[in-house]
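Reading the structure
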Amino acid sequence: MTFTGTVGTVCMFPLRAIIAMCVALRIHPNILTLTGVVINAWAGWSLAFGKFWIAGFIMLLANIFDFIDGKVADELNLSSKFGGFWDSVMDRFSDLFLLIGLIYLYASLDRPDYVLITALTLMFSIMTSYTRARAESIISQCKVGFMERPERIVLFMIGAFTNRMAGVLWVILVLSVLTVLDRIYFTWRELHSDEPGLST
Amino acid sequence: MTLSNILTLPLRMIWHALFWTFDRATWQYDLMVVAILAFVWLTPPTWLNDPTASGPGLIGIISDFFSK
């Protein structure tokens, strides 16, 4: 088993208990999703005032809700197309809250360089999701590129807990740009794979 | 492994890192995670002009040690 696989397996133990509790209480998954966004807004507020440690813990809490909503929906047989749509939309709000919090922080520290880097990170984080969603409306699947939402969230928490947010922002920005380019290239390749003379 | 395979190996590695198609929990994913964590934790914050970080980071501590 790989290192990341082991970490994932270990993290699943407490999450299974939380999922079981939500299922027992029959909490609607859409409520869990909304709760996650509200808590992420709180994390964004903490980031805005440079309280990285507190923000890290709040993000950890918020992302428990983010993670379990789909699993609770499956267990309660409440999975729906609207639930998937609601989850995706709320995820974008969560990303925006966190990054706008950082933009506010760097603006208040009079650091336009990092305001720009965070704004570009925000742009490419949103474009990562958009390119996949748009691609999957014309091709069956577009799951290429490294920097998806779980990676972004874990990196944000690492940056907050270890006070290395600048490094984290650079990593998210560079890998999000690559992910968007990967998805554009992959979609182009899939759409042209039938045409003679083009490699697949 | 043929000579052409060996010669093109670095190029193929770069291409696979840029055009990422690996799943999570694979050894390639682990390698990328290690590279990212090394960058985040080892790079001295002064190199990135980090507005909030404190402390020099591991590379900063080591370079300070050898510059004394």
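All values derive from a computational prediction rather than experimental measurement.

What follows concerns the overall build of chain A. Regarding its fold elements, chain A presents seven helices and zero strands. Per-residue burial for chain A yields a buried fraction of 40% across its 200 residues. For chain A, long-range pairs separated by at least 24 residues make up 74% of all intrachain contacts whose partners lie at least 6 apart in sequence.

What follows covers the overall build of chain B. The helix and strand tally for chain B stands at three helices and zero strands. With respect to the three principal axes, the spread of C-alpha positions in chain B is 50 × 30 × 20 Å. Across the 68 residues of chain B, 12% fall into the buried class.

Before going further, it helps to examine the nonpolar core. Ala 43, Met 59, Leu 102, Phe 156, Val 168 and Ile 172 of chain A are the most contacted members of the largest nonpolar core, which has 48 residues in total. For this core, the secondary structure elements donating two or more residues are helix H1 (3-24), helix H2 (29-48), helix H3 (52-75), helix H4 (81-108), helix H5 (112-135), helix H6 (149-162) and helix H7 (165-191) of chain A together with helix H2 (27-42) of chain B. Among the elements that take part in this core, H7 of chain A stands out by supplying ten residues, more than any other.

Chain B puts 25 residues into the contact, and the matching count from chain A is 26 residues. Of all the elements, H2 of chain B adds the most residues to the side of chain B that touches chain A, at nine residues. Residues belonging to the side of chain B that touches chain A are distributed by class as follows: 16 nonpolar, six polar and three charged.

Residue and element names in this part refer to chain A. Put simply, H3 and H4 touch, their axes get as near as 11 Å, and they point 170 degrees apart. The orientation of H3 relative to H4 falls into the category roughly antiparallel. Contacts between H3 and H4 involve Ala 62, Asp 66, Asp 69, Gly 70 and Ala 73 from the former and Gly 83, Asp 87 and Ser 94 from the latter.

On to unusual backbone geometry. All names here are of chain A. Despite not being glycine, Arg 26 shows a phi value in the positive range, around 50 degrees. Of note, Arg 26 is situated in the loop between H1 and H2. Look at Arg 26 and you get exposed, because 10 C-beta atoms sit within 10 Å. Phi is positive for Asn 77, which is not a glycine, with a value near 55 degrees. On the neighbour-count criterion, Asn 77 (7 C-beta atoms within 10 Å) is exposed.

On to the confidence of the model for chain B. Residue and element names in this part refer to chain B. Chain-level pLDDT for chain B is 86 on average; 91% of the residues reach the 70-or-more range. Looking over chain B, one finds the lowest element-wise mean pLDDT in helix H3 (residues 57-67), namely 72, and the highest in H2, namely 94. Model confidence for the complex: the whole-complex pTM is 0.90, and ipTM, which rates the interface, is 0.88.

This brings us to H5 of chain A. All names here are of chain A. Across its 24 residues, H5 extends 34 Å between first and last C-alpha, which sits within 8% of the 34 Å expected from 1.5 Å per residue. The complete set of buried residues in H5 reads Tyr 114, Ile 117, Thr 118, Thr 121, Leu 122, Phe 124, Ser 125, Thr 128, Thr 131, Arg 132 and Ala 135. Taken together, the buried residues of H5 touch H4, H6 and H7.

Moving on, we get to the environment of Leu 42 of chain B. Residue and element names in this part refer to chain B. Secondary-structure assignment places Leu 42 in helix H2. Given 15 C-beta atoms within a 10 Å radius, Leu 42 is considered partly exposed. On a C-alpha basis, the gap between Leu 42 and Gly 60 in space is 7.8 Å, while along the polypeptide they are 18 residues apart.

For the rest of this paragraph, the subject is the environment of Phe 3 of chain A. Within the secondary structure layout, Phe 3 of chain A lies in helix H1. In sequence terms Phe 3 of chain A and Leu 155 of chain A are 152 residues apart; their C-alpha atoms lie 16 Å from each other.

Moving on, we come to the packing of H5 of chain A against H7 of chain A. All names here are of chain A. At a minimum axis separation of 8 Å, H5 and H7 run at an interaxial angle of 30 degrees. Comparing the axis directions of H5 and H7 gives the class roughly parallel. H5 and H7 meet at a crossing whose hand is left-handed. Facing H5, whose interface residues are Tyr 114, Ile 117, Thr 118, Leu 120, Thr 121, Phe 124, Ser 125, Met 127, Thr 128, Thr 131, Arg 132 and Ala 135, H7 presents Ala 166, Leu 169, Ile 172, Leu 173, Ser 176, Val 177, Thr 179, Val 180, Arg 183, Ile 184 and Thr 187. Split into classes, the residues belonging to the contact of H5 with H7 amount to 13 nonpolar, eight polar and two charged.

Cut-offs used in this document
Residues numbered from 1 in each chain as written. Chains lettered and ligands numbered in written order. Predicted model: local features only at pLDDT ≥ 70, side-chain atom pairs only at ≥ 80, totals over all residues. Helix = DSSP H or I, 4+ residues; strand = E, 2+ residues; numbered from the N terminus. Buried ≥ 20, exposed ≤ 12 C-beta atoms within 10 Å, placed from the backbone. Contact = placed C-beta atoms within 7 Å. Core = buried A, V, L, I, M, F, W, Y, C linked by C-beta atoms within 7 Å. Nonpolar A, V, L, I, M, F, W, Y, C, P; charged D, E, K, R; others polar. Axes fitted to C-alpha atoms, helices over the stretch in contact; angles between N-to-C directions. Parallel < 35°, antiparallel > 145°, perpendicular 65-115°, else oblique. pLDDT = per-residue confidence, 0-100. Expected span 1.5 Å × (residues − 1). Left-handed = near helix turned anticlockwise from the far one by under 90°.

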